[in-house]
Amino acid sequence: MLTLKDAKIGESVKVVKIHGEGALKRRIMDMGITKGIDIRIRKVAPLGDPMELTVRGYELSIRRADAEMIEIER
């Protein structure tokens, strides 16, 4: 399984599935990350946390732990 945390800077990926339960999954979806959406990885902090993404035309930073729950395809 390939997750968002495995994606490289500058890469565009498509969300296949969001893992997790309840409030955590809901929070990720409220940020605009839903099944089928395209995400571009803009930057990753020097220690790998957080990641800066472009989602639906806006910039979003998420934690590495949250990125592990987002299954992607290249």
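A quick note: this is a predicted structure, and the numbers were derived from the prediction, not measured.

Asker: Quick one: what's the story with the overall build of the protein, residue by residue and with numbers?
Answerer: Counting its secondary structure elements, the protein contains 2 helices and 5 strands. Counting helices and strands in the order they occur from the N terminus, the protein gives β-α-β-β-β-α-β. Its C-alpha atoms give the protein a radius of gyration of 11 Å, within 12% of the compact-globule value 11 Å for 74 residues. Across its three principal axes, the protein shows a C-alpha extent of roughly 30 × 25 × 20 Å. With an accessible surface of roughly 4,500 Å², the protein has 51% of that area assigned to carbon and sulfur atoms. If you average the places of the 15 positive and of the 12 negative side-chain charges in the protein, the two averages end up 1 Å apart.

Asker: So what about the nonpolar core? Which residues, and what values?
Answerer: Inside soluble globular proteins, nonpolar side chains tend to come together where they are buried. One finds Leu 4, Ile 33, Ile 39, Ile 41, Leu 53, Ile 62 and Ile 70 to be the most contacted residues of the largest nonpolar core, which totals 20 residues. Listing elements by their share of this core, those giving two or more residues are strand E1 (12-18), strand E2 (38-44), strand E3 (51-55), strand E4 (58-62) and strand E5 (70-73). Those residues within four positions of Leu 53 in sequence are excluded, and the remaining contacts are Leu 4, Ile 33, Ile 39, Arg 40, Ile 41, Arg 42, Tyr 58, Glu 59, Leu 60 and Ile 62.

Asker: Talk me through the sheet that holds E4; I want residue IDs and the actual numbers.
Answerer: Note: strands within a sheet are paired through backbone hydrogen bonds, in either parallel or antiparallel orientation. One open sheet holds the 5 strands; their spatial order is E4-E3-E2-E1-E5, and the pairing between them is antiparallel. Lying at the two open borders of the sheet, with one neighbouring strand each, are E4 and E5. For this sheet, the mean angle separating the axes of adjacent strands, direction not counted, is 45°. Relative to E3, E2 runs antiparallel, the two being bridged by 5 bridges. Bridging across to E3, Lys 43 finds its partner in Glu 52.

Cut-offs applied
- Residues numbered from 1 in each chain as written.
- Predicted model: local features only at pLDDT ≥ 70, side-chain atom pairs only at ≥ 80, totals over all residues.
- Heavy atoms only, no water.
- Helix = DSSP H or I, 4+ residues; strand = E, 2+ residues; numbered from the N terminus.
- Rg over C-alpha atoms; globule rule 2.2 N^0.38 Å.
- Areas by Shrake-Rupley, 256 points an atom, 1.4 Å probe, with all protein chains shown as cover.
- Lys, Arg positive; Asp, Glu negative; His and termini not counted.
- Charge placed at Lys NZ, Arg CZ, Asp CG, Glu CD.
- Core = buried A, V, L, I, M, F, W, Y, C linked by side-chain atoms within 4.5 Å.
- Buried < 20%, exposed > 50% of the residue type's maximum accessible area, 1.4 Å probe, protein only.
- Contact = heavy atoms within 4.5 Å.
- Pairing = 2+ DSSP bridges.
- Axes fitted to C-alpha atoms, helices over the stretch in contact; angles between N-to-C directions.

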